[in-house]
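Listed here are the chains, written in short residue letters.
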Amino acid sequence: MADVIVAGGGPTGMMLAAELTLAGVDAVIVERRAIPELVGSRAGGFHSRTIEILDQRGIADRFLAEGQRVQAAIFGTTKLDVSDFPTRHPYTLGLWQNHIERILAGWIEELGVQVRRGHEVAGFDQDLSGVDVRFTDGGRAHAKYLIGADGGRSAVRKAAGIEFLGWAATRSSLIAEVEATEETPAGARIDEVGIHGLQLMEDGRTTRVIVTEKELGPATEPTLADLAKALTEIYDTDFGVHHPRWISRFTDATRQAAAYRSDRVLLAGDAAHIHAPSGGQGIGLGIQDAVNLGWKLAQVVKGAAPDSLLDTYHAERHPAGARALKHTMAQSLMQRADPRIGALADTVAGLLTIDEARKQVAGLISGLDVHYDLGEGHPLLGRRMPDLDVVTGNGRLRVFTLLHQARAVLLNLGAPGSIHLGPWAEPVQLVDATYDGEWELPVIGPVSAPAAVLIRPDGYVAWTGDGSQSGLREALAMWFGPARC
């Protein structure tokens, strides 16, 4: 069927298929939904780091044109200001998931990504040559690699026998889009049960409802009767809800795959980690998984890099995911008005008025503080490259513009011609440039200017130079395969 089969056509699956396609690898998405339109609005947007990722692929403006920019990094009930963070996007973008998926679907269509709908993975067999995938309709397909981006109940993860470790749900909420015969109160409220809210949607007829259930709900599809019961228990009325467009149940269950890889099968997004939606990190975590994995898998598929490169995906993304999951558990705990929890929330809110504490927590929520452990060295190593305005032979360019095609960049800020790529000229583009401004990283602050920077396709710095090429060949070989004469 393709070099890579991506099971799941949500934001993570689409982003991963796009990354593979940009790298010249044939990828196909198989999606169980028969139609591309997502029923219901679902998640409500993403944070700064995700916007940066979309920006480095040249598509951020498509989302910014339709979303609402807000200062909405929230911990518990405390809003955190990120407007002073050194990024072009110091805000959260409010945009419903159905619109996010529509925009991504338009982009991958432009790239020529195939999406085969009505296909759900039933199981697979793998060997040294690839993966034979079985579908629930009896069909089969073969690929070199299979990616499970098929959600929290991932059939791929289960078939791979990968443990989903963590904590079971203690609380559940219903989210729905319905019509109501009674007038509904606007805005959110917090009580000892949890967070609740009703919001009239753009059509002036449909109401978006979020209500926490007094008792943990079953792991079944919720009904209109379930929603009416939950509303009545909180508001003493069900507002006459009727004609549900969509009803779903989510919980505070927090789990993470023990391994993000099983030979030729890899996991990304909710298939690799689930958590309470507190903090709004779900879509962003999946997209970060996708851009970390895509370029690595592409090089292995093309034979440019050894299979061991794929092990760095788990090594980098598993700890980053674990940090985010731990944060969402703390977030979820404080989103109740229990007197004891309220006392804790007030204490934390007071601590977050301290500037360094605000930056630490806001950096985690926004994703701007992600740091992969690439060893000792310059503070840039393992962190995202700032989107500087550099002056090149082609004029002034943004660093993110150089990453639009998902190709690595060796940015030489020293004397032109003072650094060389040798046999890595195909996977890496060498750019001679100058930059006179200050270098500043989120949370970290100002850093010294390096003489050269090796930027991976995902935007993270893999090597910095001090005027010499010391360590450059080793870094190129590590991330882009051994030298080939």
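Residues numbered from 1 in each chain as written. Predicted model: local features only at pLDDT ≥ 70, side-chain atom pairs only at ≥ 80, totals over all residues. Heavy atoms only, no water.

A.B. asks: Where do I start with the layout of surface pockets in this structure?
C.D. replies: If you roll a probe as big as a water molecule over the atoms, it shows you where there is empty space left. The volume enclosed by the second largest pocket comes to roughly 470 Å³. What lines the second largest pocket is a set of 21 residues, among which Gln299, Lys302, Ala304, Glu426 and Pro427 lie closest to the centre. No other element matches the three residues that helix 7 (residues 282–301) contributes to the lining of the second largest pocket. Of the residues that constitute the lining of the second largest pocket, the class distribution is 14 nonpolar, three polar and four charged. (1 Å grid on protein atoms, 1.4 Å probe; cavity = no way out; pocket = protein on both sides within 12 Å on 5 of 7 lines; lining within 4 Å. Points joined across faces, edges and corners; volume = space filled by probe spheres on them. Helix = DSSP H or I, 4+ residues; strand = E, 2+ residues; numbered from the N terminus. Nonpolar A, V, L, I, M, F, W, Y, C, P; charged D, E, K, R; others polar.)

A.B. asks: I tried to follow the sheet that holds strand 21 (residues 273–274) on my own but got confused; where do I start?
C.D. replies: By way of backbone hydrogen bonds, the strands of a sheet pair with one another, either parallel or antiparallel. A sheet is described by the order of its strands in space; here three strands give the open sequence 12-18-21, paired in antiparallel fashion. With one partner strand each, in any of the chains shown, strand 12 (164–167) and strand 21 form the two edges of the open sheet. Sheet analysis places strand 12 next to strand 18 (residues 254–257), joined by four bridges and oriented antiparallel. Within strand 18, the position partnered with Phe164 by the bridge is Ala257. Along the sheet face, helix 8 (residues 311–333) touches strand 12, strand 18 and strand 21 and points at about 175 degrees away from the line of strand 18. (Pairing = 2+ DSSP bridges. Contact = heavy atoms within 4.5 Å. Axes fitted to C-alpha atoms, helices over the stretch in contact; angles between N-to-C directions.)

A.B. asks: Which parts of the structure should I look at to understand empty space enclosed by the protein?
C.D. replies: A full pass over the atoms with the stated rule returns three cavities of 30 Å³ or more. Space inside the largest cavity adds up to approximately 160 Å³. Taken together, 19 residues form the lining of the largest cavity, with Gln281, Leu285, Gln288, Leu364 and Gly367 sitting closest to its centre. Breaking the lining of the largest cavity down by element, the ones donating at least two residues are helix 2 (48–56), helix 7, helix 8 and helix 10 (355–366). Among the elements that take part in the lining of the largest cavity, helix 8 stands out by supplying four residues, more than any other. The class makeup of the residues in the lining of the largest cavity is seven nonpolar, eight polar and four charged.

A.B. asks: Can you help me understand the sheet that holds strand 14 (residues 187–190) in this one?
C.D. replies: Here we have five strands laid out as an open sheet, ordered 14-15-16-13-17, and antiparallel in their pairing. At either end of the open sheet lies a strand with only one pairing partner, and these are strand 14 and strand 17 (241–251). Ignoring which end each strand starts from, the neighbouring axes of this sheet average 15 degrees apart. As paired elements, strand 15 (residues 195–200) and strand 16 (residues 207–212) share four bridges and run antiparallel to each other. Counted as the bridge partner of Gly197 is Ile210 from strand 16.

A.B. asks: Before we go on, may I ask you to explain the nonpolar core in this structure?
C.D. replies: Side chains of nonpolar character tend, in soluble globular proteins, to be buried together. In this structure, Val4, Phe63 and Leu454 are the most contacted members of the largest nonpolar core, which totals 88 residues. Sort the elements by how many residues they give to this core and helix 7 lands first, with 10 residues. Discounting residues that sit within four places of it in the chain, Val4 has contacts with Leu20, Val25, Asp26, Ala27, Val28, Ala143, Tyr145, Ile147, Leu297 and Val301. Core analysis: the second largest hydrophobic core is formed by 19 residues, Val399, Leu413, Leu441 and Val461 among them. (Core = buried A, V, L, I, M, F, W, Y, C linked by side-chain atoms within 4.5 Å. Buried < 20%, exposed > 50% of the residue type's maximum accessible area, 1.4 Å probe, protein only.)

A.B. asks: Please explain the packing of aromatic side chains as it appears in this structure.
C.D. replies: Across all of its chains, the model carries seven aromatic pairs by this definition. Seen from their ring centres, Tyr235 and Phe239 are 5.4 Å apart, and the 65 degrees between their planes marks the pair as edge-to-face. What links up through ring pairs into an aromatic cluster is the set Trp295, Trp479 and Phe480. The lysine or arginine in question, Arg157, covers the ring of Phe164, its NZ or CZ lying 3.5 Å from the ring centre. Between the NZ or CZ atom of Arg264 and the centre of the ring of Tyr145, over which it lies, the distance is 4.9 Å. (Phe/Tyr/Trp six-rings, centres within 6.5 Å; stacked < 30°, edge-to-face > 60°. Lys NZ or Arg CZ within 6 Å of the ring centre and 35° of its normal.)

A.B. asks: What exactly am I supposed to notice about helix 4 (residues 97–111) here?
C.D. replies: In an α-helix, one turn spans 3.6 residues; hence positions three or four apart end up facing the same way. When the terminal C-alpha atoms of helix 4 are compared, their 21 Å separation across 15 residues agrees well with the 21 Å that a helix rising 1.5 Å per residue should span. Each element contacted by the buried residues of helix 4 is listed here: helix 1 (11–22), strand 2 (27–31), strand 3 (45–46), helix 3 (60–64), strand 8 (114–117) and helix 7. Following helix 4 by one or two positions, Gly112 has its phi on the positive side, about 90 degrees. (Expected span 1.5 Å × (residues − 1).)

A.B. asks: Honestly, the packing of helix 2 against helix 7 in this entry has me stumped. Any pointers?
C.D. replies: Two measures define how a pair of helices packs: the angle their axes make with one another and the distance between the axes. Where helix 2 meets helix 7, the axes come as close as 9 Å, and the angle between the chain directions of the two elements is 40 degrees. The angle between helix 2 and helix 7 places the two elements in the oblique class. Two packed elements cross with a definite hand, and for helix 2 against helix 7 that hand is left-handed. Only Gly284, Ile287, Gln288 and Val291 of helix 7 make contact with helix 2, whose side of the interface consists of Arg49, Thr50 and Ile53. Of the residues contributing to the contact of helix 2 with helix 7, the split by class is three nonpolar, three polar and one charged. (Parallel < 35°, antiparallel > 145°, perpendicular 65-115°, else oblique. Left-handed = near helix turned anticlockwise from the far one by under 90°.)

A.B. asks: Just checking my understanding: could you explain the packing of helix 1 against helix 7 for this structure?
C.D. replies: Two elements in contact, helix 1 and helix 7, have axes whose closest approach is 8 Å; the angle formed by their N-to-C orientations is 25 degrees. Relative to helix 7, the element helix 1 lies roughly parallel. Regarding helix 1 and helix 7, the two cross each other, and that crossing is right-handed. Contacts between helix 1 and helix 7 involve Pro11, Thr12, Met15, Leu16, Glu19 and Leu20 on the former and, on the latter, Ile283, Gly286, Ile287, Ala290, Val291, Leu293, Gly294, Leu297 and Ala298. Across the contact of helix 1 with helix 7, the residue classes break down as 11 nonpolar, three polar and one charged.

A.B. asks: Would you explain the environment of Thr254 in this entry?
C.D. replies: As for its position among the elements, Thr254 is in strand 18. Sequence separation between Thr254 and Ala169 is 85 residues, and the spatial gap between their C-alpha atoms is 7.4 Å. Those residues in contact with Thr254, other than ones at most four positions away along the chain, are Leu165, Gly166, Trp167, Ile274, His275, Leu325 and Met329.

A.B. asks: Looking at this structure, I do not really get the side chain of Glu316. What am I missing?
C.D. replies: With respect to the helices and strands, Glu316 occurs in helix 8. Residue Glu316 is classed as buried on the basis of its relative accessible area of 6%. Side chain to side chain, Glu316 and Arg456 meet in a polar contact 2.9 Å long. (Polar contact = N/O pair within 3.5 Å; in protein donor to acceptor, adjacent residues only side chain to side chain.)

The analysis is restricted to geometry; functional conclusions fall outside its scope.
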